[in-house]
Structure formats: structure tokens, C-alpha cells
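# Coordinates in review
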Amino acid sequence: MNRDEAKIILLPYRPGLADEADPQIATALALAKRDPELGSWLEEHCARQSALRNAFRGIAVPEGLKEQIISEQAAKEKMPVRRRNFAFAALAAAAVSLVLLAMLALPTRRADDTFTIFRSRMAGVALRGYTMDLITNNPAEIRSYLARNQAPSDYVLPAPLQPVEMVGCAVQRWQGVKVSMLCFRTGKPLPPGQQSDLWLFVVDRASVKSAPETDLPQLAAVNRLVTATWARDGKIYLLETEGNEPAIRPYL
Amino acid sequence: MARMAEGMDFENLVACYYKPLYQFAFSLARNEAEACDLTQQAFCIWAAKGHQLRDASKVKTWLFTTLHREFLGMRRRLVRFPHIELEHADLELPVVPPVTASRLDGEQVLAALAQLDEVYQGPVALFYLQDASYNEIAEILDVPLGTVKSRLARGLARLHQLLADGPPSKS
């Protein structure tokens, strides 16, 4: 083994880990002890490995992510017992059908909770901060901007929401599909740096599996947000604001 | 959830692993929203299917594997990656000049990682984030051990080369 070969072998070497047990690395390390130039290179390399490791581990994790994951799961588990029992009964009945379908070699399909994930993701957008693509109080400009960017723009606002001041919009993405995000200001005092406190997300219904099918708003808590979801004319509407049910009811 | 790893409940499980999972996801996707999605989906799937895992000591690997699969699914990748054994790759590996370690920061490292071919990004991220062994990386990425070695060798060499070269000029 020469010096250059040793450098190649030592490239994945991480001091303090089990890498030294690798016979090739052990041989290269032994060579580095005898060869001052290689030894010097190894010293720099170890410092570089340590810096790289620190850089990767320094990736900032968004605030509230842990709480969001936990609260979303807790919300799922709080499904009423009666509903759960009904679901189990329905599942038992469906299982027979599924077995038959499987025997016919139909493709299997995993449990679908896509809507829950969509709702959680959009709650995360509101909670963790976002940048508005367009800041304006002009609803027509907002609609036009969304249309130009191929995001849903033919939305219909509930009557109680129409007088609320719009402050801008953004185009979010959900599994490759564009989601319109409309930002409103309800008039309540806002924390410093926050420009809106009520958000409406609009996405094509076909993009979100297991989404609600009725235009009757369904309420759910996600982290510290209360959300309302309804369907209308092939679109899913998701309204979010901080607080609980009384905070969102006036806009539905 | 029928069973939790080593008596760990869901909250503790999330508390233990959400950070490294997010960092891995961000290394792959380089997009906060996607990384959050991937992290959350990994735990969602755990909640639904984690009880199927018989060996409780494999929870971490299971979560990383699941996240990686979700990432691949999200991207709907169509490229078939060649499996190049290390022995065949040796001659092509460059000997890289030293990088001044003190000037490395996360943004710079992730920018360099982004320039690597996608097949190298996962192994390299796991290598540094988790101090994962070759076997663990192979298990998480579901590729043969030899492939992991060759991808790591090439990926690390290229990463170090990119960092030594500095950021690309904007001309």
C-alpha cells in the first residue's frame, strides 16, 4: 500500500468509531504512523471529518415539529369508541372482501390517511412561519396571481369570510400539487413580525385522498390551531387559525 | 399501537428520533416542508405498522428506512442506479486536497451535498449524521454492502473535492 492508496482507504475513516476494525483501514492507519506526510494528512482529514459531522448535525429542526407529530397522532387516537367499534366492524367485513380481491391478484392498497397528513402539513406551514409570495389587500390581484402560477384560483369564500381583510397569498406544494394559501388579518393584535392570523388553503380535491366530501365544515385541532375543512366544487378548503372552536366559527 | 420499542411510548419515540430523522430528510430533500412531511410520515407509518417490527432494537433503522422509502416514493424516481463495487471504482477516486475544516458550515456542506449524484447523498448523510456503520447504511437504504462502500467512497471523495474547490462561481 502506498501513500495515495492509503489516503483513499482512509477517506471514510471516522476516529473513535468501529472503522478501525476494518483490516484495510488498520493497515492504512499503521502506515500513517510511520509516514509523517501521511500522518499530517490524516490529522487534517480527521479535523475535516469532525467539521463535516458537526455541519450535518447543525441542521436546524423547525420549532414545533415534535409537538405537531405528537398532537396529530393523539388526535387520531381520540377517535370516539363507538366510531372506532363501527370502524372495526366495517373493517372485519371488508377484510373478507379484501382477501377475495387479493386472491384475484388485485394490487394491494395501504391504509390511506393522506388528508390527515395534508392538514397537518398545512398547519405546519402556518405554525412554523411562511413567506407570502404576494402582499396585497386586493382580492382580485391575489386571485390573478394564483391563476398565473397555476394554483387554484376559482375558489369561493364563505360569506362570513368575505369581509375579512386579505393581506396576501402564497403557493404551497403538496406532493407535487399546488395549493393556494390565502392570508387574512382578523383585526386581533398580532405578535411582532406576524402579518396574518387566519389562513385558507385551497387544493384540488382529487389531490388529497380521503378528504371530506361535504360542504359542512369539519373541525379539528392540530397543535395550537383549530382547523375547519369542507369540500365544494371539486376543491378542498382548509381554514386555520390559532385557538379553539369559537375562534374559527365566525368565519364559517 | 400494539407495542412500543423497548417500552418506549410514542411521545418518547418521537422525542428521541424526530431530530435526526428531520436532518436526514432535509439532507435528502433540502426543503423544510418536504423534510417535515417525510419525518411526520415516518412516524405515521410507525404508528400504523410499527407493531410488526419484531426486533425492538431496530426501531431507529426502521424509521430511517421508512423515511428513505417515503422520500423515494415522493420523488417517484425512475432512474435505476448502477451498483459499482469498490474494487472497480478505486482507480477513479481522486486524491483530494485538504479543506480548511474551520471554514465549513452547514449551508456550505449541504450545498456541496446537493451537487452530488442522488445515489451518493443518502449514504453520505447517514455517514455523518448518524455515524452509521456500512451495514446499517446498507440496511437503511436497502442496497448491498459493496454498493454502500462504493457509493460512500465516491460520494465522500466528490464531497471533499467540492468543498476544497469552494462554492461555484456565479458567472
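Residues numbered from 1 in each chain as written. Chains lettered and ligands numbered in written order. Predicted model: local features only at pLDDT ≥ 70, side-chain atom pairs only at ≥ 80, totals over all residues.

It is worth spelling out the overall build of chain A at this point. A count of helices and strands for chain A gives eight helices and seven strands. Expressed as a percentage of its 252 residues, the buried residues of chain A come to 31%. Within chain A, contacts between residues at least 6 apart in sequence are counted, and of these 56% link residues at least 24 apart. (Helix = DSSP H or I, 4+ residues; strand = E, 2+ residues; numbered from the N terminus. Buried ≥ 20, exposed ≤ 12 C-beta atoms within 10 Å, placed from the backbone. Contact = placed C-beta atoms within 7 Å.)

Quick look at helix 2 (residues 23-34) of chain A now. Residues and elements named next belong to chain A. Along its twelve residues, helix 2 runs 17 Å from first to last C-alpha, staying within 8% of the 16 Å computed at 1.5 Å per residue. The complete set of buried residues in helix 2 reads Ala28, Leu29 and Ala32. Angular distribution of buried residues about the axis of helix 2 spans 100°; they occupy a single face of the element. The exposed set on the far side of helix 2, more than 90 degrees from its buried face, consists of Pro23, Ala30, Lys33 and Arg34. In this structure, the buried side of helix 2 is in contact with helix 1 (3-10) and helix 3 (36-57). (Expected span 1.5 Å × (residues − 1). Arc of directions from axis to C-beta.)

Residues and elements named next belong to chain B. Its 21 residues place the ends of helix 8 (residues 145-165) 30 Å apart at the C-alpha level, agreeing with the 30 Å of an ideal helix rising 1.5 Å per residue. Counting buried residues along helix 8, 16 of its 21 residues qualify, which places the element largely inside the surrounding structure. Following helix 8 by one or two positions, Gly166 adopts a phi angle in the positive range, close to 85°.

We now examine the interface of chain A and chain B. With 36 residues of chain A at the interface, the matching set in chain B holds 41 residues. For the side of chain A that touches chain B, the secondary structure elements donating two or more residues are helix 1, helix 3, helix 4 (65-77) and helix 6 (114-128) of chain A. Of the residues forming the side of chain A that touches chain B, the biggest block, eleven residues, is contributed by helix 3 of chain A.

This part covers the packing of helix 1 of chain A against helix 2 of chain A. Residues and elements named next belong to chain A. As a packed pair, helix 1 and helix 2 sit with axes 9 Å apart at the nearest point and diverge in direction by 130°. Between helix 1 and helix 2, the crossing angle belongs to the class labelled oblique. As for how helix 1 packs across helix 2, the hand of that crossing is left-handed. Along its contact with helix 1, which presents Ala6, Ile9 and Leu10, the element helix 2 presents Gln24, Ile25, Ala28, Leu31 and Ala32. Broken down by class, the residue content of the contact of helix 1 with helix 2 amounts to seven nonpolar, one polar and no charged. (Axes fitted to C-alpha atoms, helices over the stretch in contact; angles between N-to-C directions. Parallel < 35°, antiparallel > 145°, perpendicular 65-115°, else oblique. Left-handed = near helix turned anticlockwise from the far one by under 90°. Nonpolar A, V, L, I, M, F, W, Y, C, P; charged D, E, K, R; others polar.)

Looking now at the packing of helix 1 (residues 10-29) of chain B against helix 6 (residues 118-129) of chain B. Residues and elements named next belong to chain B. Packing of helix 1 against helix 6 leaves a shortest axis separation of 9 Å and a crossing angle of 145°. Here helix 1 and helix 6 pass one another in a crossing that is right-handed. Within the contact between the two elements, helix 1 uses Pro20, Gln23, Phe24, Ser27 and Leu28 and helix 6 uses Gln121, Gly122, Ala125, Leu126 and Leu129. Looking at the contact of helix 1 with helix 6 residue by residue, the classes come out as six nonpolar, four polar and no charged.

Attention now moves to the nonpolar core. Residue and element names in this part refer to chain B. The biggest cluster of nonpolar side chains holds 101 residues, and the ones touching the most others in it are Leu21, Ala25 and Val124. If you tally residues by element for this core, the top one is helix 1, at ten residues. Setting aside residues up to four positions removed in sequence, Val124 forms contacts with Leu113, Leu116, Leu152, Gly155, Leu156 and Leu159. (Core = buried A, V, L, I, M, F, W, Y, C linked by C-beta atoms within 7 Å.)

Bringing the pairing of strand 5 (residues 218-222) of chain A into the picture now. Residue and element names in this part refer to chain A. Across five bridges, the pairing between strand 5 and strand 6 (residues 225-232) is antiparallel. Its bridge partner being in strand 6, Leu219 is matched across the sheet by Ala228. Remark: two residues form the turn of the hairpin made by strand 5 and strand 6, two consecutive strands paired antiparallel; Asn223 in that turn has positive phi of roughly 55°. (Pairing = 2+ DSSP bridges.)

Moving on: the environment of Gly64 of chain A. All names here are of chain A. Checked against the element boundaries, Gly64 lands in the loop between helix 3 and helix 4. In this structure Gly64 comes out as partly exposed when scored by C-beta crowding, with 17 C-beta atoms within 10 Å. For the pair Gly64 and Arg128, spaced 64 residues apart in sequence, the C-alpha to C-alpha distance is 7.0 Å.

Let us now look at the confidence of the model for chain B. Residues and elements named next belong to chain B. Mean pLDDT for chain B: 76, with 75% of residues reaching 70 or above. Taken element by element, the predicted model of chain B shows its lowest mean pLDDT in helix 4 (residues 86-89) (43) and its highest in helix 1 (90). This model gives residues 77-99 a pLDDT under 50, and the stretch forms 38 contacts once residues within four places in sequence are excluded. Quick note on the complex model: pTM equals 0.58, ipTM equals 0.75. (pLDDT = per-residue confidence, 0-100.)

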